[in-house]
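Summary of structural features
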2 protein chains.
Amino acid sequence: MAKNFTTREENYSEWYNEIVKRADLAENSDVRGCMVIKPYGYAIWEKMQRQLDDMFKETGHVNAYFPLFIPKSYLSKEADHVEGFAKECAVVTHYRLKTSDKGGVEVDPAAKLEEELIVRPTSETIIWNTYKNWIQSYRDLPILVNQWANVVRWEMRTRLFLRTAEFLWQEGHTAHATKEEAIEETEKMLNVYAEFAEQYMAVAVLKGKKTESERFAGALDTYCIEALMQDGKALQAGTSHFLGQNFAKAFDVKFAGKDGKQDYVWATSWGVSTRLMGALVMSHSDDHGLVLPPKLAPIQVVIVPIYKGEDQLKAIAEKIDTLLPKLKALGISVKFDDRDTHKPGWKFAEYEFKGVPIRIGLGARDLENGTAELARRDTLEKVTIDFDEIQQKVPALLQEIQDSLLAKSKARIQDTTTVVDDYEGFKKAIDKGGFVSAHWDGTPETEEQIKKETKATIRCIPLNNTLEPGTCIYSKNPSTQRVIFAKAY
Amino acid sequence: MAKNFTTREENYSEWYNEIVKRADLAENSDVRGCMVIKPYGYAIWEKMQRQLDDMFKETGHVNAYFPLFIPKSYLSKEADHVEGFAKECAVVTHYRLKTSDKGGVEVDPAAKLEEELIVRPTSETIIWNTYKNWIQSYRDLPILVNQWANVVRWEMRTRLFLRTAEFLWQEGHTAHATKEEAIEETEKMLNVYAEFAEQYMAVAVLKGKKTESERFAGALDTYCIEALMQDGKALQAGTSHFLGQNFAKAFDVKFAGKDGKQDYVWATSWGVSTRLMGALVMSHSDDHGLVLPPKLAPIQVVIVPIYKGEDQLKAIAEKIDTLLPKLKALGISVKFDDRDTHKPGWKFAEYEFKGVPIRIGLGARDLENGTAELARRDTLEKVTIDFDEIQQKVPALLQEIQDSLLAKSKARIQDTTTVVDDYEGFKKAIDKGGFVSAHWDGTPETEEQIKKETKATIRCIPLNNTLEPGTCIYSKNPSTQRVIFAKAY
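Conventions used here
- Residues numbered from 1 in each chain as written.
- Chains lettered and ligands numbered in written order.
- Predicted model: local features only at pLDDT ≥ 70, side-chain atom pairs only at ≥ 80, totals over all residues.
- Helix = DSSP H or I, 4+ residues; strand = E, 2+ residues; numbered from the N terminus.
- Rg over C-alpha atoms; globule rule 2.2 N^0.38 Å.
- Buried ≥ 20, exposed ≤ 12 C-beta atoms within 10 Å, placed from the backbone.
- Contact = placed C-beta atoms within 7 Å.
- Domains from an automatic or database assignment.
- Least-squares fit on C-alpha atoms with pLDDT ≥ 70 in both.
- Pairing = 2+ DSSP bridges.
- Nonpolar A, V, L, I, M, F, W, Y, C, P; charged D, E, K, R; others polar.
- Axes fitted to C-alpha atoms, helices over the stretch in contact; angles between N-to-C directions.
- Parallel < 35°, antiparallel > 145°, perpendicular 65-115°, else oblique.
- Left-handed = near helix turned anticlockwise from the far one by under 90°.
- Arc of directions from axis to C-beta.
- pLDDT = per-residue confidence, 0-100.

Turning our attention to the overall build of chain A. Check the secondary structure of chain A and you find 14 helices and 27 strands. Here the C-alpha atoms of chain A give a radius of gyration of 26 Å, agreeing with the 23 Å that 2.2 N^0.38 yields for 489 residues. Seen through its C-alpha atoms, chain A measures out along the principal axes to roughly 80 × 65 × 55 Å. For chain A, the proportion of its 489 residues judged to be buried stands at 48%. When contacts within chain A are restricted to residue pairs at least 6 apart in sequence, those whose partners lie at least 24 apart make up 68%.

Right, let's talk about the domain arrangement of chain A for a bit. Per the domain assignment, the segments making up chain A are domain 1 (12-69 + 125-284), domain 2 (294-400) and domain 3 (416-486). For domain 2 of chain A and domain 3 of chain A, the distance between their C-alpha centres works out to 49 Å.

Of the two same-sequence chains, chain A is brought onto chain B (RMSD 0.1 Å, axial shift 0.0 Å) by a rotation of 180°. Expressed as an axis order, the relation between the two copies is that of a two-fold axis. Residue Val92 of chain A, judged by its C-alpha, is the member of chain A lying nearest the rotation axis, at 2.1 Å. Interface residue correspondence from chain A to chain B reaches 100%, placing this contact among same-surface, isologous pairings.

Another aspect to go through is the sheet that holds strand β27 (residues 482-486) of chain B. As a general point, the strands of a sheet are linked pairwise by backbone hydrogen bonds and lie either parallel or antiparallel. Residue and element names in this part refer to chain B. With respect to topology, 11 strands assemble into an open sheet ordered β3-β9-β10-β16-β13-β12-β11-β24-β27-β23-β22, the strand pairing being mixed. Two strands close off the open sheet at either side, each with one partner strand: β3 (62-63) and β22 (418-419). Summarising the sheet, strand β9 (residues 143-152) and strand β10 (residues 166-176) pair through 10 bridges and their orientation is antiparallel. Counterpart to Ile143 in the pairing with β10 is Ala175.

On the chain B side, the residues contacting the 53 residues of chain A number 53 residues. Residues belonging to the side of chain A that touches chain B are distributed by class as follows: 32 nonpolar, 11 polar and 10 charged. Taken together, the three bridges between strand β5 (residues 91-94) of chain A and strand β5 (residues 91-94) of chain B define a ladder with antiparallel strand orientation. Among the inter-strand pairings, His94 of chain A is bridged to a residue of β5 of chain B, identified as Val91 of chain B.

Next up on the list: the packing of helix α9 (residues 309-329) of chain B against helix α12 (residues 390-416) of chain B. Each pair of packed helices gets described by two things: the angle between the helix axes and the distance between those axes. Residue and element names in this part refer to chain B. Put simply, α9 and α12 touch, their axes get as near as 10 Å, and they point 40° apart. What the angle tells us is that α9 and α12 run oblique. Note on packing geometry: the crossing formed by α9 with α12 is right-handed. For the pair α9 and α12, the contacting residues are Leu323, Lys326 and Leu327 in the first and Ile390, Gln391 and Val394 in the second. Taken together, the residues of the contact of α9 with α12 break down into four nonpolar, one polar and one charged.

As a further point, take the environment of Ser479 of chain B. Residue and element names in this part refer to chain B. Checked against the element boundaries, Ser479 lands in strand β26 (residues 478-479). Judged by C-beta crowding, with 21 C-beta atoms within 10 Å, Ser479 ranks as buried. Taking the C-alpha atoms as reference, Ser479 lies 5.7 Å from Pro469; in sequence the two are 10 residues apart. If we skip the residues at most four places from it in the chain, Ser479 touches His439, Trp440, Asp441, Gly442, Gly470, Thr471 and Cys472.

All names here are of chain B. Within helix α13 (residues 423-432), the full set of buried residues consists of Phe426, Ala429 and Ile430. The arc that holds every buried residue of α13, seen down its axis, measures 100°, which confines them to one face. The exposed set on the far side of α13, more than 90 degrees from its buried face, consists of Glu424, Asp431 and Lys432. As for α13, its buried residues are in contact with β22, β23 (436-439), α14 (444-454) and β27. Just downstream of α13, Gly433 is the residue with a positive phi angle, here 100°.

In the predicted model, chain A carries a mean pLDDT of 96, and the fraction of residues at 70 or more is 99%. The complex model carries a pTM of 0.96, and its ipTM stands at 0.96.

Below, the structure is given as structure tokens:
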């Protein structure tokens, strides 16, 4: 199976596409820019969703659901927001088809909507229009709501998971009585995202704030987590926005404080999407296919029997039948693949390609010796162990794989982050890949010029950044701190 | 709170609307026909989803995700399907807005799609277009896939949960090598729905098949579960369709059998939606508000302290702190409402209205006596019990409430099903409400005439119906069996 498979070295981009498709994660549909998330890919996304949802609920949030459609006029109520979102989006103009004279169906011109509806690219406007009726006094605050939904942004160049016209995500939308509380919420959710990325996806991230020009349209501050892929490019993995009173003002959402005074409500929004699937694939996978962190693997352990004839299979199956309930009782997701439609070699390659963290092989000789072969996907190491040790070794090994993947991801950031002090050094570092720490004069003009000349963007101003006077690598004007540059997805 | 509240007697329809809105289940949005599902309502839907999802997985299904948009031409590929679905739907014609000279934004005429996209009203077409590439041989079958998604049908008259332009649902789409297997799947999923309705929603249902004219557009057979609301109207709560080879033929999906012969694939689809929320509300609620079956209640037990001053509250809270972990350990969702912003009386009315199955009241005198007051929502009965008995009594009482609601629902069907033998009796029975069992000659013409004259439709031909020769109540032509009529939502 891995025979005619593109390596990272040969073509990183093609390598990514092949993994996504051949590991049955997703495929392009006939609808431009829209993907089909296949069962194996969706099972990983479900694990992400379940974990994130638990974390949202632990931090006091509840789920709700708001309309898919947004009246066109809503988008223009918040001036910056419309600039960022009202352009490339799917517009519903009619509500009926009719039978065509030429066969098939055609749009019924009589069924034109008075006001066009936009398929939500994000839901701030429709939600704040709703919150207007939910909020009268400080007693109604905070509102801590999250929505799991599909959104559409009409992207011209799409890539599976990383950039698709329709994608799945969650969007948190919270309302607060004070600025401080809203900022605290924004930071809290960034930390939830960072914890999820590191502890579950095993993807190390840098926490920081976006510069003004990279901010969410309508936000006063955008916080982000930035991950680093194996090709040295950064990937924004989640954002949390402090929206100030912008949307409250646009939709006239006021509350009466304890003192009876009216004030506009403070807002945040935060989201992660199926883009995380792309980050997951590009962080850990290798030239043999997908590598999954055990905590998000739909199948954590696969058991493959190696046998000749039905009698051998039966003997192996009997042995495995004693093991399966023990592993399941430990909360381990295990699959015994006793299909006779495929050979063991094919199965080995298949599960390797699909990134199953641990593979256990059991043959006739193992039965005689009371042994089994344990193969771990991340290092491809194999060891022969006593069969009776399996239930004890597997949980520890799963944890070891999880930890090891995170350690590798952390090391990647550490090893490839370059500190530079001049523009020549900067350009070399950007070409090499990885994060580049450099002084910047704080102006969007300089940021824009650097982007034009090198394709590098400011990924973030790290949280708790050390203030350190210096000289901007580009303009040579004074700078107060270093920021993190990189080329990015 | 319940003061100026409409009773069922006064206006059943208004009673329903008030419960949905005032119990914070859902509200209308500014977007025509689209609702906002509020956190409390969504929490119930989440419980439904989780349980159904578990049942789907136990029966071998996996989840996936397909595009929101369907190319217009796909809808017309299956002749019956286009008749049923291609009419009232949201049509995307453009993919960009631009800044308008008049301020705001307007549709960019330059960004017109070559082929219009339909927001999915159901996904058979896009999914079978995808399955075409997934299926080559019998080894690829069966495909047992489910999707949780939003769909849009442009309804002219909408009602919260019961009929909305956008709604949430799940749609299973399976592919099989044989007709028998597909029929078995269709029936299996109908049984899953019936079990869910009865065991979790506590809603008794009748299982049956639809007549030809009530069938899903594109199906050879539509199986359904029909529930009966308190006003005597039926509500179709779930459907499971045997699609034959219709969609396989429309999208040219063939497979090679073990003998190498090519044949079209057999299909099923099945779905339930947020409409179930409407069925839940209308099945159990009373003139005091919502009544929820414990298995789907977001809060199963609420504890309300009755106190004067902080000292009393503190003493009660300390006592409750010993109880909460015990109840939680039993898997019971319990809330201790110690807010000082609202009085106990307000809280009692609030939780009663929101249908929390058990309310525990604890005051200063209870502390002295070692007692507590237990109130069950369904019967409004109150008993004083020993505080130490709570953890033992609550689980049993929750089960009792669950069973009692189902028993009432079953009794409603039994008590209101009328067997009639002539058209006069039929019309009277239909006016009275409930299911009406009557002979029908089997023709769509008779069905249509009866519908016109009485607004009653054939809800289903019960599964395992006794064949019994008789005379059609309308045409007086010979009939082979009785079918079930009712007015319906």
